[in-house]
Amino acid sequence: MQTIEIKANFTRSSDAEAAQNKLRALRIENTAINEKTQGDGGFLNYNGDPAWFNLGNLSTMSMMSYSTSMMTGLYAAGYNAMNEASRQFLLTAVVPDSVYAQAKMVIEAAGGSLQ
C-alpha cells in the first residue's frame, strides 16, 4: 500500500480543524495544521507606535503630527483586520492511496485548496 502526502491551504483555522477531524474519521492519523503568514509581515511598515500617522485630514496625512487618542482604536482595528486577512493554515496529511479521493473531497468540502 502506497501513501500520498496532501497539502491544502485554509483561510480559517476552524475549517482546517474540521477537515482534520473528518480525515481522522477516515482513520488518517498522520495530519498536522501549521499557521503561516504571508504578505509584508506588517501593516504599512508599522513602527510600533499606535498613533503612527494623522487621519484628521486624509489629504494632509503625515507622519509628523498625530493624535494618540485618535489613532489608537482606528489603527488597532485596521492592523488586526490586515493580520487576519494575511493568515493561512496549511493542513498536511499522509493518506493511503486507497482513500486519497475521499480525503481530497473532505478537504475541498471544508474550504481547503490543494497545493
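Okay, so let's go over this structure. What you see is a predicted model, and the numbers here were worked out from it, not measured in a lab. (Residues numbered from 1 in each chain as written. Predicted model: local features only at pLDDT ≥ 70, side-chain atom pairs only at ≥ 80, totals over all residues. Heavy atoms only, no water.)

1. As for the overall build of the protein
Reasoning step 1: Within the protein, the secondary structure is distributed over 3 helices and 4 strands.
Reasoning step 2: Starting at the N terminus and ending at the C terminus, the protein contains elements arranged as β-α-β-α-β-α-β.
Reasoning step 3: Burial status across the protein gives 27% buried among its 115 residues.
Reasoning step 4: In the structure as shown, the protein presents an accessible area of about 7,300 Å², 51% of it carried by carbon and sulfur atoms. (Helix = DSSP H or I, 4+ residues; strand = E, 2+ residues; numbered from the N terminus. Buried < 20%, exposed > 50% of the residue type's maximum accessible area, 1.4 Å probe, protein only. Areas by Shrake-Rupley, 256 points an atom, 1.4 Å probe, with all protein chains shown as cover.)

2. Examining the nonpolar core
Reasoning step 1: Judged by nonpolar contacts, the single largest core of 16 residues is most densely connected at F10, L23, I28, L91, V95, A103 and I107.
Reasoning step 2: Those elements that provide at least two residues to this core are strand 1 (3-10), helix 1 (13-25), strand 3 (87-96) and helix 3 (100-109).
Reasoning step 3: Top element by residues in this core is strand 3. It accounts for 4 residues. (Core = buried A, V, L, I, M, F, W, Y, C linked by side-chain atoms within 4.5 Å.)

3. Here we look at the side chain of T31
Reasoning step 1: Within the element layout of this structure, T31 appears in strand 2 (residues 31-37).
Reasoning step 2: Of the residues examined, T31 reaches a relative accessible area of 14% and is grouped as buried.
Reasoning step 3: At 2.9 Å, the side chain of T31 and the side chain of Q20 are in polar contact.
Reasoning step 4: Apart from the residues lying within four places of it in its own chain, the contact partners of T31 are Q20, L23, R24, L91, T92 and A93. (Polar contact = N/O pair within 3.5 Å; in protein donor to acceptor, adjacent residues only side chain to side chain. Contact = heavy atoms within 4.5 Å.)

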